[in-house]
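The lines below spell out each chain.
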Amino acid sequence: MSKRLEGKVALITGGTSGIGAATVRRLVDEGAKVAFTGSNAEAAAKLCAETGASFHAVRVQDADAWPKLMEELHTLYGRLDIAFANAGTEAGDGSIENISIEGWNNIVAVNQTGVMLTVQHAMRAMKANPGGSGGAIIVNSSMNALRAMGNFMAYSVTKSAVIALTKSAALHCALTGTKIRVNAILPGVVETAMITNLIEHSADPVATRAAYESLSPMKRMAKVNEITGLVAFLSSDEAAFISGSEYVIDGASTAGMQGV
Amino acid sequence: MKRLQGRVALVTGGLRGIGGATVDRLLDEGAVVIIADLKPASDEVVQATLQRLGQASSYVQLNVTSEADWQSAAETVRRDFGRLDILVGNAGIDGVGSVDTMPYETWKRVMAVNIDGLFLGTKYFAPLMTETGAKTRGGASIINISSIMGMVGWVDASPYNASKGAARLFTKATALEFARKGIPIRVNSVHPGFIRTPLLQEGMDRAAEDPSVGATAQDMLATLDQGTPIGRIGEASEIAAGIAFLASDDASFMTGSELVIDGGWTAQ
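Residues numbered from 1 in each chain as written. Chains lettered and ligands numbered in written order. Predicted model: local features only at pLDDT ≥ 70, side-chain atom pairs only at ≥ 80, totals over all residues. Heavy atoms only, no water.

Moving on to the overall build of chain B. Along its length, chain B carries eight helices and nine strands. Taken over C-alpha atoms, the radius of gyration comes to 18 Å for chain B, in line with the 18 Å a tight globule of 268 residues would show. If one aligns the C-alpha atoms of chain B with their principal axes, the spans along those axes are about 55 × 40 × 40 Å. Counting the 268 residues in chain B, one finds 56% classified as buried. (Helix = DSSP H or I, 4+ residues; strand = E, 2+ residues; numbered from the N terminus. Rg over C-alpha atoms; globule rule 2.2 N^0.38 Å. Buried < 20%, exposed > 50% of the residue type's maximum accessible area, 1.4 Å probe, protein only.)

So, in structure tokens, the structure goes:
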């Protein structure tokens, strides 16, 4: 692995599983020092032992927890170059007809408010970097920002909202001369614990798996490691001219019409 | 970065600008690179370029609008290299002016270079790239260079806009077609914003000759710097980095996608 991120410090939210955990590994491989958040302390401990990353038990939607987290990071690392706003949930989701207000509020809190707080605190820290302002922020949206799902209304809505958040933040950071870039990635279906859990708890797991696989004309889900290369690229100085972009990484799932 | 060791790439319009920077970058990543461009192989620019780039580079004379040239290039690459992993459809020209006075010849010329060239390249290299793609984890990779002008309109650039918009959707159509048929070729488009290239410089020089414009090429380039949210236009190497990513196995799940690299211009 090349070392494009040597000397950089990264924060990854939702880093204990799925795309987040794979990105912890990838950014460490590329030379970065990595801190991550999450709620699964057992998984976090293993990942820390494996990678040397640091774990911070913070819920991204908890606004009061952020100042303390940023102080911890400052004490540990003294700077922040990369933030991956990755934490997300679909817990409590449903259709417009049947979603509960608790479900809606939970998903908006994690997927939307959590991303806002991550980007806000990351950019404030990056502005204060020793040697001058600068950094790269990557927001994990979803292809469902472009193709809403009927039975996952709040997920679709929040993943779409954070694209506008990304562009607004990118413009603010660019026009105020901060040298902080903000971009979104829009993955298709990735074989994470969240998805395998949905499959296993569905009425017909075989059919559900086939349905997820058929969303891409490649007839498969992505592996988590197929997403991390894009995050690493956008995190690196190679992407210095990229800001405000939304990169779809979905095996052509949204390149055409569904189901044909 | 050596992500492309053992891979073979062909870059159209590879002698200068974004094409030239892409050739440099793919060589740095360990690929063998075939430069395709209009000049004859004996031309001194071609000879000097090959001299500078060394043994991993070679040259084929190719007019992207010529079906015969593409057929012959595909035969040559199959014979000499036996594979093609990466095809970068970069050759492009601009065409500016009001639509009401635009010569039909200009329209046809821009379409021929910017979109017919992508069709012909994809058509004639698909068989070899299908074979090659089965040998690597991420498959073969076609990268079509569109533009932010393929996403949004621009005054007095109708042929360029139309051709680059066509490139964007030709990319999606072929990405879907290959994926659906199990053909191991990924296809993605790259959408540069304003990039410091000879094409941009020539366009500005030409515009500056018009007294009604009342600005020097220098002034106009400064305006583009200021109009880009991050405060400067891009460098060709910054587009080449995106192309190298799409060419590599790091992008193995990426097909039918568009990489906008524009310093935030179209996010505004």
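Attention now goes to the nonpolar core. Core analysis: the largest hydrophobic core is formed by 68 residues, its most contacted members being Leu27, Leu230 and Leu234 of chain A together with Leu26, Ile143, Val190 and Met254 of chain B. Sort the elements by how many residues they give to this core and helix 8 (residues 236-247) of chain B lands first, with nine residues. Residues contacting leucine 27 of chain A, with those up to four places away along its chain left out, are Leu5, Ala10, Ile12, Ala32, Val34, Ile82, Ala232 and Ser235 of chain A. (Core = buried A, V, L, I, M, F, W, Y, C linked by side-chain atoms within 4.5 Å. Contact = heavy atoms within 4.5 Å.)

Looking now at the packing of helix 6 (residues 193-200) of chain A against helix 7 (residues 205-213) of chain A. Angle between the axes and distance between the axes: these two values describe a pair of packed helices. Residues and elements named next belong to chain A. Where helix 6 meets helix 7, the closest approach of the two axes is 8 Å, and the angle between their N-to-C directions is 140 degrees. Between helix 6 and helix 7, the crossing angle belongs to the class labelled oblique. In this structure, helix 6 uses Ile195, Thr196, Leu198, Ile199 and Glu200 to contact helix 7, whose residues at the interface are Pro205, Thr208, Arg209 and Tyr212. Tallied by class, the residues present in the contact of helix 6 with helix 7 amount to five nonpolar, two polar and two charged. (Axes fitted to C-alpha atoms, helices over the stretch in contact; angles between N-to-C directions. Parallel < 35°, antiparallel > 145°, perpendicular 65-115°, else oblique. Nonpolar A, V, L, I, M, F, W, Y, C, P; charged D, E, K, R; others polar.)

A separate point is the sheet that holds strand 9 (residues 258-261) of chain B. All names here are of chain B. Pairing in this open sheet of seven strands is parallel, and the strands run 3-2-1-4-5-6-9 from one edge to the other. Of all strands in the sheet, those with a lone pairing partner are strand 3 (57-61) and strand 9, marking the two edges. In this sheet, neighbouring strand axes are inclined to one another by 20 degrees on average, regardless of whether the strands run parallel or antiparallel. Examined bridge by bridge, strand 4 (residues 86-89) and strand 5 (residues 140-145) share four bridges and lie parallel to one another. What sits directly across from valine 88, in strand 5, is isoleucine 143. Across the sheet, helix 2 (residues 44-53) touches strand 2 (32-37) and strand 3, and the angle it forms with strand 3 is around 160 degrees. (Pairing = 2+ DSSP bridges.)

As a further point, take the interface of chain A and chain B. Across the boundary between the two partners, chain A contributes 36 residues, which contact 35 residues of chain B. Taken over both partners, the interface formed by chain A and chain B buries close to 3,000 Å², and the fraction arising from carbon and sulfur atoms is 63%. For arginine 25 of chain B, the salt bridge goes to glutamate 238 of chain A, with nearest N and O atoms at 2.5 Å. In this assembly, chain A and chain B are joined by ten residue pairs in polar contact (both at pLDDT 80 or more). (Buried area = accessible area lost by both parts, 1.4 Å probe. Salt bridge = Lys/Arg side-chain N within 4 Å of Asp/Glu carboxyl O. Polar contact = N/O pair within 3.5 Å; in protein donor to acceptor, adjacent residues only side chain to side chain.)

Below, the discussion takes up the sheet that holds strand 4 (residues 82-85) of chain A. All names here are of chain A. Spatial ordering of the open sheet is given by 3-2-1-4-5-6-7, a layout of seven strands whose pairing is parallel. On the outer flanks of this sheet lie strand 3 (54-56) and strand 7 (246-249), each paired with one strand and no other. Here the average twist between neighbouring strands, direction ignored, is 20 degrees. For strand 4 and strand 5 (residues 135-140), the ladder comprises four bridges, and the chain directions are parallel.

Bringing the confidence of the model for chain B into the picture now. Per-residue confidence for chain B gives a mean pLDDT of 96, with 100% of residues at or over 70. For this predicted complex, the interface confidence comes out at an ipTM of 0.94, alongside a pTM of 0.96. (pLDDT = per-residue confidence, 0-100.)

One non-glycine residue, lysine 219 of chain A, adopts positive backbone phi at about 60 degrees. Tracing the chain through its elements places lysine 219 of chain A in the loop between helix 7 and helix 8 (225-235). Despite not being glycine, aspartate 156 of chain B shows a phi value in the positive range, around 60 degrees. Take aspartate 156 of chain B: it is sitting in the loop between strand 5 and helix 5 (158-180).

All names here are of chain B. Turning to its location among the elements, threonine 122 is positioned in helix 4 (residues 104-133). Judged by relative accessible area, which is 5%, threonine 122 ranks as buried. Among residues more than four places away in sequence, those in contact with threonine 122 are Leu87, Ile142, Phe170, Thr174 and Phe178.

Below, the discussion takes up the pairing of strand 3 of chain B. Consecutive residues of a regular strand have side chains that alternate between opposite faces of the sheet. Residue and element names in this part refer to chain B. Across five bridges, strand 2 lies against strand 3 in parallel orientation. Bridge pairing in strand 3 links isoleucine 34 to serine 58. Considered for its hand, the β-α-β crossover made up of strand 2, helix 2 and strand 3 is right-handed. (Right-handed = clockwise from strand over helix to strand, strands pointing away.)

Residues and elements named next belong to chain A. Here chain A is described as being made up of domain 1 (9-187 + 224-249) and domain 2 (189-221). Each partner contributes to the interface: domain 1 provides ten residues, whereas domain 2 provides nine residues. Counting the surface domain 1 buries against domain 2, the share from its top three residues, Glu90, Met143 and Glu226, is 45%. The tally of links between domain 1 and domain 2 comes to one salt bridge. At the level of elements, helix 1 (18-29) and helix 8 are the ones that each hand at least two residues to the side of domain 1 that touches domain 2. Taken together, the residues of the side of domain 1 that touches domain 2 sort by class into seven nonpolar, one polar and two charged. (Domains from an automatic or database assignment.)

Now for the environment of valine 119 of chain A. Mapped onto the elements, valine 119 of chain A comes out in helix 4 (residues 101-127). The sequence separation of valine 119 of chain A and alanine 169 of chain A amounts to 50 residues, and the corresponding C-alpha distance is 7.9 Å.

This part covers the environment of alanine 162 of chain B. All names here are of chain B. Structurally, alanine 162 is set in helix 5. On the basis of relative accessible area, alanine 162 is assigned to the partly exposed category, the value being 29%. Alanine 162 sits 13 residues away from methionine 149 along the chain, and the two C-alpha atoms are 8.3 Å apart. Apart from the residues lying within four places of it in its own chain, the contact partners of alanine 162 are Trp107 and Met111.

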